[in-house]
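If you want the building blocks of each chain, they are given just below.
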Amino acid sequence: MAERKKSNFGKFMLLWAGELVSSIGGGLTSFGLGVYVFNQTGSAAGMALITLLGFLPTFVFSVPAGVLADRYDRRVLMMIGDGFSALGIIYILICMMQGDCAIWQIGVGVFISSTFQALLEPAYLATVTDLLTKEEFSRANGLVSIAGNSRYLISPLIAGLLLSFSDVKLLMIIDICTFFLTVASTFVVKKGIETKKDEEKEGFFESFKAGWNAVHGRRGVWILILVSSAITLFMGMFQILAEPMVLAFSDAKTLGITETICASGMMVSSIFLGIIGIKKNYVKTLSISLAIAGVFIFGFGIWENIVLIAMFGFGFFLMLPLPNNCLDYLVRTNIPDELQGRAWGFIGFISKIGYLIAFGASGLLSDFLGDVLKIGVGRGAALVVQGAGVLMIIIALFILRLKSVRELEK
C-alpha cells in the first residue's frame, strides 16, 4: 500500500501532454472528414455512418482490451494503439491523393484507425490509477477531460481556418505527425515506472469474468455506469447533429469557430477541476450539473441563430466535465486497483452503447423528421437535440433519489 500511495504526477503530466496532442490531431481529421462527407452527400445520415464505422471497433474491442491492460504492460499497449492507428488515416490520405475518395474508402480507413485505438483507452485510464494517489484523481480527471475534449475546443477552430485555404488532406497530414509525439511521450513514461510483474496465472476468460464482477457486483457502481451510457447517448447526438444544424445555414469556417466557442466552456470548468478538483458532495454535484447541462442542450436547438447556438453550446460544455468528473471519481474509488484495466474495459463498452445508438440512429432520425415535417435536415437535427436535453434532465433528477449511489461517496 505504501508504494501505491506514491505520487507520479509529473509522469502523468507528460503522458497527458502526449494525449492532448493526439486528441487535437484526431479532431482535425474528424472535423475535416465530417465536412467532406456532408459536402459529398448533403445528409446527416452520411456523416453519422462514418462516425459509426470509426466508433464500432472501440465499442466491440473495449472489453478484451481492458483484460489485456491488466495482463500486459499498459504503456506498450498504448504505444501500439496510438502508433498503428495512423495506418487508417494514411490509407484515406493515399485514396484522396489519387482523386475523389469514396465514402466506403473513408469508412475503411476510420475503421482501421479505430481498431488500434481500442487498445488505448482502458490502458490509459488504468495507467492514471497506477501513477496517482486517490487525492489526485479529481484533478487528474479535469486534465484528462481537457485533453479528450480538445478535439471539440481547439481542433474545430484550427480545422475551420485551414479549410478556408486548403483541404482535408492537410489536416490528415498534421494528424499523422502527432502520432510520433504521442508514442514518444508514452515511451518515456514507460521507462520511468516499473513494469508490473505477472503474478496471476488465471486464464483470459477468468480475467474477463473478474472485470464483469467488478462493475456489476455493486449496485451503485452499476447504476452510474448506465448513467454514463445515457450521457454518451446525448453527447453523441450533439456531436453528430451540431454540424448539420450549422452547415444547413452557414459554412465550415463559421462551424469551426462556433464549435470552438461552445467547447471553450469545457475548458473553463476543466481548468477549474484540474487546479482545485471536487472534494465532496459528488452525487449532488453530478445530479445538479447534469440537469443544467440538459437545459442548455435543449436551448441549443431552439433557434437558427449562430450567436444563441454558441451561447447555449458554451453552457452545455461548461457543465459537462462536472458530472463526468463525479462519475469517474465515484467509480474509480470503488473498484480495486488490480481490476482497474478490465473494469474500465467493461465501463467503456457499456458507456459506449449510448454512442452506438446515437451514431446509428440520430442522423437517420433527423433526416426523417426534416423530410416528414418539411423543415429540412438542420431543423430536424435540432428537434432530436432538444429531445436529448429533456431526457438528460429527467435522468439527473432520478440519480439524486438513489440510496445505492449516495452510499458510494462513503
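The following refers to the structure shown. (Residues numbered from 1 in each chain as written. Predicted model: local features only at pLDDT ≥ 70, side-chain atom pairs only at ≥ 80, totals over all residues. Heavy atoms only, no water.)

**Details of the side chain of S22**
So, point 1. The residue S22 is located in helix α1 (residues 9-41) in this model.
So, point 2. Among the residues examined, S22 registers a relative accessible area of 10% and is labelled buried. (Helix = DSSP H or I, 4+ residues; strand = E, 2+ residues; numbered from the N terminus. Buried < 20%, exposed > 50% of the residue type's maximum accessible area, 1.4 Å probe, protein only.)

**Some points on unusual backbone geometry**
Leaving glycine out, the prevailing phi sign among residues is negative, and the prevailing peptide bond configuration is trans.
So, point 1. Within the chain, N281 stands out as a residue other than glycine whose phi angle is a positive 55°.
So, point 2. Within the secondary structure, N281 is located in the loop between α12 (252-275) and α13 (282-300).

**Structural notes on the packing of helix α7 (residues 137-153) against helix α8 (residues 155-163)**
So, point 1. Packing of α7 against α8 brings their axes to within 5 Å, and their N-to-C directions diverge by 30°. Put simply, α7 runs roughly parallel to α8. Residue-level inspection shows S150, R151, Y152 and L153 of α7 in contact with α8, the latter providing S155, P156 and L157.
So, point 2. Its residues assigned to classes, the contact of α7 with α8 comprises four nonpolar, two polar and one charged. (Axes fitted to C-alpha atoms, helices over the stretch in contact; angles between N-to-C directions. Parallel < 35°, antiparallel > 145°, perpendicular 65-115°, else oblique. Contact = heavy atoms within 4.5 Å. Nonpolar A, V, L, I, M, F, W, Y, C, P; charged D, E, K, R; others polar.)

**Focus on the packing of helix α16 (residues 340-351) against helix α17 (residues 353-372)**
So, point 1. At their nearest, the axes of α16 and α17 sit 4 Å apart, and the two run at 30° to each other. Here α17 runs roughly parallel to α16, going by the angle between their axes. Together, F349, I350 and S351 of α16 and I353, G354 and Y355 of α17 make up the contact between the two elements.
So, point 2. Here the contact of α16 with α17 is composed, by residue class, of four nonpolar, two polar and no charged.

**What to know about α8**
Three- or four-residue spacings in an α-helix give side chains the same orientation, since the helix completes a turn every 3.6 residues.
So, point 1. For α8, the full list of buried residues reads S155, P156, A159, G160 and L162. Looking straight down α8, one finds that the buried residues subtend no more than 165° of arc, so they occupy a single side. (Arc of directions from axis to C-beta.)

**Description of the pattern of salt bridges**
So, point 1. The final tally for this structure, using the stated rule, is two salt bridges.
So, point 2. Between K169 and D167 there is a salt bridge, and its shortest N-O distance comes to 2.7 Å.
So, point 3. The partner of R332 in a salt bridge is D328, and the shortest N-O contact between them spans 3.1 Å. In this pair, R332 and D328 both sit in helix α15 (residues 321-332), four residues apart, roughly one turn of the helix.
So, point 4. Overall, R332 belongs to the buried group, its relative accessible area being 4%.
So, point 5. For D328, a relative accessible area of 8% gives the class buried. (Salt bridge = Lys/Arg side-chain N within 4 Å of Asp/Glu carboxyl O.)

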